[in-house]
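Here are the chains, one letter per residue:
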Amino acid sequence: MIVMPAIDLRAGSCVQLVGGDYDREAVRWPDAQAAAAHWVAAGFRALHIVDLDAATGQGDNRALAASLAATPGVRETQIGGGVRDDAAIAALLAAGATRVIVGTRAVEDPEWLATASARYPQRLVVAADVRDDRVVTRGWQGTLQRPLDDVLGALRELPLAAVLVTAVHREGLLQGPDLGLFERVLSAAGHPLHASGGITTLMDLRSLDRLGVSAVVLGMSLYTGALDPGAILQEFES
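Report follows, based on the coordinates. Source: prediction; values computed, not measured. (Residues numbered from 1 in each chain as written. Predicted model: local features only at pLDDT ≥ 70, side-chain atom pairs only at ≥ 80, totals over all residues. Heavy atoms only, no water.)

### What to know about the pattern of salt bridges
Should their charged atoms come close, side chains of opposite charge can pair.
Then step 1. Tallied over the entire structure, the rule returns 9 salt bridges.
Then step 2. Its salt-bridge partner being Arg75, residue Glu76 comes within 3.9 Å of it at the nearest N-O pair.
Then step 3. Taken together, the shared-partner salt bridges connect Arg10, Glu25 and Arg28 into one network. (Salt bridge = Lys/Arg side-chain N within 4 Å of Asp/Glu carboxyl O.)

Structure, rendered in structure tokens:
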């Protein structure tokens, strides 16, 4: 199982939110480039980068995200946040992203996703952010009316790199992952699963590894020191 530090970009800074609430910003590192270098120095080689401003339509940090992909020592990056057209996908891949995360448009417009995934096979990660058993969209401000199982089932035959599921109700709370949700997704989606939200301890990581999760995204647990990078990398990849 691969472990990726999260670098969530807001107004040029690296931040961590609590429970998907933009008014509850618990961590802010003003220099996002330094944050990326910090995690590389700790031994991580894969980064998960999300442009929160682009996700909510409040500007973007695209140039910064692209520069983070070129951080010395980084082997792979997945970048997302407000990616809603082919031009954005192409630009991020050209900038060096290993994979591009598509969320709102991907789950709202299945025809577009089918076309985009055929054009970029094994390069797209579909983000299904879940709260109260529903997929939330537009920077967690909207809610998709389709049942979660229908959303996941529609992804099964597409040539995706992975499905990323964030348990928004656990995000930033350091209360442990929603194992039941991730187990359900593994059986429904038919793709490698990247899991995020609430992961706090080595035991949490081991539980997700046993479930068959292929990658995890760590945010608050790393930024607060709840998880030690050295201990993580003794057992897991990056």
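### Here we look at the pairing of strand β8 (residues 134-137)
Then step 1. Across 3 bridges, strand β7 (residues 124-131) lies against β8 in antiparallel orientation. Residue pairing in the sheet places Val130 in a bridge with Val135 of β8.
Then step 2. Between β7 and β8, which pair antiparallel and follow one another directly, the connecting turn spans 2 residues, one of which, Asp132, has a positive phi of 55°.
Then step 3. Pairing of β8 with strand β9 (residues 142-143), which is carried by 2 bridges, proceeds in the antiparallel orientation. When the sheet's bridge partners are listed, Val136 is paired in β9 with Thr143. (Pairing = 2+ DSSP bridges. Helix = DSSP H or I, 4+ residues; strand = E, 2+ residues; numbered from the N terminus.)

### Some thoughts on the nonpolar core
Then step 1. Grouped together as the largest cluster of nonpolar side chains are 68 residues, with contacts concentrated most on Ile89 and Val216.
Then step 2. In contact with Ile89, not counting residues within four places along its chain, are Val83, Val100, Val102, Trp112, Ala116, Tyr120 and Leu124. (Core = buried A, V, L, I, M, F, W, Y, C linked by side-chain atoms within 4.5 Å. Buried < 20%, exposed > 50% of the residue type's maximum accessible area, 1.4 Å probe, protein only. Contact = heavy atoms within 4.5 Å.)

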